[in-house]
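Survey of secondary and tertiary structure
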Amino acid sequence: MNDAPVVVASDLDRTLIYSAGALGLTMPDAEAPRLLCVEVYEGRPLSYVTEDAAELLVELGRRAVFVPTTTRTREQYGRVRLPGPAPTYAICANGGHLLVDGVSDPEWRRAVGERIEAECAPLGEVRERMVASADPAWLLKERVAEDLFAYLVVDRGALPDRWVKELGEWADGVGWGVSLQGRKVYAVPKPLTKGAAVAEVARRVGAGLTLGAGDSLLDADLLLAVERGWRPGHGELADVGWAAPGVTVLGERGVLAGEAVLRGFLGSV
């Protein structure tokens, strides 16, 4: 019998947890699932899971090494209160920070920084290009996250598709990638990946199996790095029809996809 632990690495936003605008509930209100708030921001509820998903998360925490894996900064991740035991490991800033009992591992952060410096254009150059080419008519905010990557908050309805495409083509030539997620356009250095950080967790715990889930282009490397993966029926990956061997494409969309992801994990642990 193989007693090696199973590592389960999952994206958070629009994979496990959902804002009110991303719930995607299409049934009559009286038939909608009960929701549990898992994040409060500025005194107001922000993110939810279904009550069934909450129970599944508790069980998953008992049976596997559950690793929240997010592009969020450490501060943004700190607002999330998932049901179940507190994870020993968490991955923030798209792999830039590996948290161990809530504290960033300095050796991991140093190694990531050295690789970015060696392989990519400087953050300042990329940020300047993003902001200079953006139209104030649709640009709402611009931010730098953890001194690792940049993102813009945009009016999605007014954002030209060609702008994202052109930025992505330019970024690709300087070692960066571009991803559009909801109202945010991310520019992330290519060495900054969730998959690499998950592989490090798997190495540290001696994992016998790795599982993962995600919905965005920034999750593609994670889904390719694990042995079995799940992809919701919504999101960037769904929009482009992304699929890969070992990755289950779910039909569920919205918060019910979060439940389906968790059932897939538990069915494989």
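The structure presented is a predicted model; accordingly, all values stated were derived computationally and were not measured.

Definitions and cut-offs
- Residues numbered from 1 in each chain as written.
- Predicted model: local features only at pLDDT ≥ 70, side-chain atom pairs only at ≥ 80, totals over all residues.
- Heavy atoms only, no water.
- Helix = DSSP H or I, 4+ residues; strand = E, 2+ residues; numbered from the N terminus.
- Buried < 20%, exposed > 50% of the residue type's maximum accessible area, 1.4 Å probe, protein only.
- Contact = heavy atoms within 4.5 Å.
- Areas by Shrake-Rupley, 256 points an atom, 1.4 Å probe, with all protein chains shown as cover.
- Lys, Arg positive; Asp, Glu negative; His and termini not counted.
- Charge placed at Lys NZ, Arg CZ, Asp CG, Glu CD.
- Expected span 1.5 Å × (residues − 1).
- Axes fitted to C-alpha atoms, helices over the stretch in contact; angles between N-to-C directions.
- Parallel < 35°, antiparallel > 145°, perpendicular 65-115°, else oblique.
- Left-handed = near helix turned anticlockwise from the far one by under 90°.
- Pairing = 2+ DSSP bridges.

**A look at the overall build of the protein chain**
A count of helical and extended segments in the protein chain gives nine helices and 15 strands. Taken along its principal axes, the extent of the C-alpha atoms in the protein chain is 55 × 45 × 40 Å. Every one of the 269 residues in the protein chain was classed for burial, and the buried ones make up 51%. At a minimum sequence separation of 6, the contacts of the protein chain that also span at least 24 residues come to 59%. If you sum the accessible surface of the protein chain, you get close to 12,700 Å²; carbon and sulfur atoms cover 49% of it. A gap of 1 Å separates the mean positions of the 29 positive and 38 negative side-chain charges of the protein chain.

**A few points about helix α6 (residues 194-205)**
Relative to the 16 Å expected for 12 residues at 1.5 Å per residue, α6 spans 17 Å between its end C-alpha atoms, a close match to the ideal helical length. Of the positions making up α6, those classed as buried are Lys 194, Gly 195, Ala 197, Val 198, Glu 200, Val 201 and Ala 202.

**Here's the deal with the packing of helix α1 (residues 51-63) against helix α9 (residues 255-268)**
Where α1 contacts α9, the axes come no closer than 9 Å and their chain directions differ by 30°. The angle between α1 and α9 places the two elements in the roughly parallel class. In the crossing of α1 with α9, the sense of the turn from one axis to the other is left-handed. Where α1 approaches α9, its residues Asp 52, Ala 53, Leu 56, Leu 57, Glu 59, Leu 60 and Arg 63 are matched on the opposing element by Glu 259, Leu 262, Arg 263, Phe 265 and Leu 266.

**Focus on the sheet that holds strand β3 (residues 35-41)**
Each strand in a sheet pairs with its neighbour through backbone hydrogen bonds, running either in the same direction (parallel) or in the opposite one (antiparallel). In spatial order, the strands read β2-β4-β3; together these three strands make up an open sheet with antiparallel pairing. Since the sheet does not close on itself, it has two edges, and those belong to β2 (18-19) and β3, each with one partner. Of the pairings in the sheet, the one linking β2 to strand β4 (residues 44-50) comprises two bridges and is antiparallel in character. Bridge pairing in β4 links Tyr 18 to Tyr 48.

**Thoughts on the sheet that holds strand β14 (residues 228-231)**
Judged by pairing direction, the sheet is parallel, and its five strands sit side by side in the order β5-β1-β13-β14-β15 without closing on themselves. The strands lining the two open edges of the sheet, one partner per strand, are β5 (65-68) and β15 (247-249). When the angles between neighbouring strand axes are averaged without regard to direction, this sheet yields 15°. For strand β13 (residues 209-213) and β14, the ladder comprises three bridges, and the chain directions are parallel.

**Looking at the environment of Gly 182**
Along the polypeptide, Gly 182 turns up in the loop between β11 (176-181) and β12 (184-189). A relative accessible area of 33% places Gly 182 in the partly exposed class. Distance in space between the C-alpha atoms of Gly 182 and Val 153 is 9.0 Å, their sequence separation being 29 residues.

**Quick look at the environment of Trp 230**
Residue position: Trp 230 is located in strand β14. Note on Trp 230: relative accessible area 7%, which makes it buried. When the C-alpha positions of Trp 230 and Glu 252 are compared, they lie 11 Å apart, and in sequence the two are 22 residues distant. The residues touching Trp 230, leaving out its near neighbours within four places in the chain, are Leu 211, Gly 212, Ala 213, Gly 214, Leu 223, Val 247, Thr 248, Leu 250, Val 261, Gly 264, Phe 265 and Ser 268.

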